[in-house]
Amino acid sequence: MERVPAVEGLFTEEGGAKLLGSKCATCGTVYFPKSASCHSPKCDESKIGDFGFGGKGTLWSYSIQDFPPPPPHKFDKPYEIYALGVVDFPAGVRVMGQMSIDNLEDLKVGSEVELVIEPLYHEDDKEFTSWKFKQL
Amino acid sequence: MQEVKVLGVGLHAFGKTGDAVVGNKPVTELCRKAVVDALKDAGVQWKDIQAVSAASSRFSGGKGWGLNGNDIVEEMGSTGIPVYNLSAGCAAGGNAFNIGYTLVASGQYDMVLVMGGEVMPKGFIQTSGVEEVTDPEFLRQRCVGMPGPSFWSLLARRRMHEYGTTEEQFAQVAVKARKCSVHNPYARFQKAITVEDVLASPYVSNPLRLFEICPVSNGAAATVICSAERAKQFSGNAVTVASSTVATMTFDDGLPRGLAAPPPADATLHSEAKLAVTKAFDQAGIGPEDLSLTELQDNTVYYELAFPEEWGICKPGEAESLVAAGETTPTGKMPINPSGGFVSFGEATTAMGVFQVCEMAWQLRGESGGRQVPNAKVALSQTLGLGGNATAVILKK
Ligand SMILES: [Zn+2]
């Protein structure tokens, strides 16, 4: 089955899972998704470049999606309850994503997680992927 | 600047499409009822209104362009007056109040109508429906799948981690809200509930349950505001606007509103709300210790715990024990949402900032019956909307 990103240009699997963001060379602010300019009011001069990041981070908080969410989210039927997480990466950015975890009861705020690219839903004989956080 | 008074207020009771309260009434019919009541309460006629400041709805009326103020002017009778339609997500009602206030305070007009009303679509509030990859809201819903309640439960879960908040403590906030709304004929939910009832209601997004989050509702709210000079011509009940403010978020408050955010600069997550409230205190020369009551935006019970702490009305981590001791009830030391709040009303998004002004006016006039805060003198309200919008109002006797 062909494996394609749910939305192009946000992440890559080549050479390990990475989110494709930007970083300002002046102030160090990290953006995801990519930003054309730096938005920090404290920054003297916007100097934006591509910045990929991934690896490990810390789970700031999580929630459980007990009901199927409305469109434009897409999911495989029958609906399976999933978790969402907010993760602080050492690169200096807080990111939102779905959690990759077998047992939702094991989720723990403050735990170490790793960025992964995993299937989100299947459609037209294709597997659509997104970034997720795997609790270690 | 001239002093501004709230001269009259009016609400259409809140309900759900198809029920006995709102049935299938269109938004303009709901608004008309609120406006007619506000005019009557103020003792003025439609032709006395010199301008309208209205909240723009994305969901109903307004000719599909958020022109809800124009709808009501046509409905009441086109007199040629200026109309301002304000858009600020769920903060739109508060924004409309601020513009109305500013028009009167600046001396441009003596008497202005502020209104908001809504007929909401069923279920979760959805994105615009445009599948645009440059729209962070679309990306967040497609790639992550996170409706509003899930966002709120992230915050609730974090609070459990930081302060050891339990599900019972969240439930106690909902029980308190309904204890108030039992005495509010405008509320959608007017039945008392127990902690057991709340904990038996299904999770919408664990740890938050059905009775702990506000559904969408239909409803409308209106207020007639005027200059202090003009208010003298009317007998009655006018209360003073001590301050009215608008703010937006700051860059690094750490609240992940899109897919990502910079790490937080300090402990305040909702910078827009704190800025609006702090400015309202400063401009009014009033401090948290002076408040008789607060009407805050409780989309979920979490906010009733977090907001008073973020604004310095109580100490961080103290809210749960205040709720347990009954201090947030109308007769407690720190009354919060004596109206019953969003959890009891449901959210008719653009009406809410005006709805809060109605409740504050009734409280300060001593007309709130079984939910009355004894001897209420000063009241604070606050809204929070998509896009990092927030507003605050302080009314005083
Ligand atoms: Zn910069």
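Placed above this text is the structure.
Residues numbered from 1 in each chain as written. Chains lettered and ligands numbered in written order. Predicted model: local features only at pLDDT ≥ 70, side-chain atom pairs only at ≥ 80, totals over all residues. Heavy atoms only, no water.

Draft legend 1. Seen up close, the overall build of chain A. A count of helices and strands for chain A gives zero helices and 10 strands. Along the longest, intermediate and shortest principal axes, the C-alpha atoms of chain A span 50 × 35 × 30 Å. Out of the 136 residues belonging to chain A, those deemed buried represent 47%. Partitioning the contacts of chain A with sequence separation of at least 6, the portion at a separation of at least 24 is 52%. (Helix = DSSP H or I, 4+ residues; strand = E, 2+ residues; numbered from the N terminus. Buried < 20%, exposed > 50% of the residue type's maximum accessible area, 1.4 Å probe, protein only. Contact = heavy atoms within 4.5 Å.)

Draft legend 2. Broad picture of the coordination of the zinc ion. Residues and elements named next belong to chain A. Note on the zinc ion: its protein donors are Cys24 (SG), Cys27 (SG), Cys38 (SG) and Cys43 (SG). The metal-donor distances range over 2.3 Å. All donors of the zinc ion come from a single chain, and their spacing in sequence reads C-x2-C-x10-C-x4-C. Taken as a pair, cysteine 27 in the loop between β3 (18-24) and β4 (30-31) and cysteine 43 in the loop between β4 and β5 (48-54) lie far apart in primary sequence, 16 residues in all. A residue is classified by how much of its surface remains accessible, and cysteine 27, at 33% relative accessible area, is partly exposed. (Donors = N, O, S within 2.8 Å, 3.2 Å for Na, K, Ca; no water.)

Draft legend 3. Local environment of helix α2 (residues 68-76) of chain B. All names here are of chain B. Listed as buried for α2 are Asn68, Gly69, Asp71, Ile72, Val73 and Met76. Turning to α2, the residues buried within the fold contact α1 (27-42), β2 (51-55), β3 (83-86) and β4 (111-118). Within two residues after α2, glycine 77 carries a phi angle of roughly 130°, on the positive side.

Draft legend 4. Representation of the side chain of Thr383(B) within the structure. All names here are of chain B. Relative to the helices and strands, threonine 383 resides in strand β11 (residues 378-385). Reaching out from threonine 383, the side chain makes a polar contact with the side chain of threonine 391 at a distance of 2.5 Å. Among all residues touching threonine 383, those that are not within four sequence positions of it are Cys90, Ala91, Gly94, Gln297, Gly353, Gln356, Asn389, Ala390 and Thr391. (Polar contact = N/O pair within 3.5 Å; in protein donor to acceptor, adjacent residues only side chain to side chain.)

Draft legend 5. Molecular detail of the nonpolar core. Grouped together as the largest cluster of nonpolar side chains are 86 residues, with contacts concentrated most on Phe32(A), Val95(A), Trp131(A), Phe133(A), Phe151(B), Leu380(B) and Ile394(B). Val95(A) has contacts with Leu19(A), Phe32(A), Phe53(A), Gly85(A), Val86(A), Val87(A), Phe89(A), Trp131(A), Phe133(A), Leu259(B) and Ala260(B), leaving out every residue within four places of it along the chain. With 42 residues, the next largest nonpolar core counts Val114(B), Cys214(B), Leu293(B) and Phe345(B) among its residues. (Core = buried A, V, L, I, M, F, W, Y, C linked by side-chain atoms within 4.5 Å.)

Draft legend 6. Molecular detail of the sheet that holds β2(B). All names here are of chain B. Pairing in this open sheet of nine strands is mixed, and the strands run β3-β2-β4-β7-β1-β8-β12-β11-β10 from one edge to the other. Edge positions in the open sheet fall to β3 and β10 (293-295), since each of these has one partner strand only. Each strand axis lies, on average, 20° off the axis of its neighbour in the sheet, ignoring direction. Pairing analysis gives eight bridges linking β4 to strand β7 (residues 218-227), with the strands arranged antiparallel. By the bridge assignment for β7, methionine 111 is matched with cysteine 226. (Pairing = 2+ DSSP bridges. Axes fitted to C-alpha atoms, helices over the stretch in contact; angles between N-to-C directions.)

Draft legend 7. A look at the packing of helix α5 (residues 148-163) of chain B against helix α10 (residues 301-310) of chain B. All names here are of chain B. As a packed pair, α5 and α10 sit with axes 10 Å apart at the nearest point and diverge in direction by 60°. Considering the relative orientation of α5 and α10, their crossing is left-handed. Two secondary-structure elements touch here, α5 through Phe151, Trp152, Leu155, Ala156, Arg159 and Tyr163 and α10 through Tyr302, Tyr303, Leu305, Ala306 and Glu309. Of the residues contributing to the contact of α5 with α10, the split by class is nine nonpolar, no polar and two charged. (Left-handed = near helix turned anticlockwise from the far one by under 90°. Nonpolar A, V, L, I, M, F, W, Y, C, P; charged D, E, K, R; others polar.)

Spatial relationships are all this shows, so hold off on functional conclusions.
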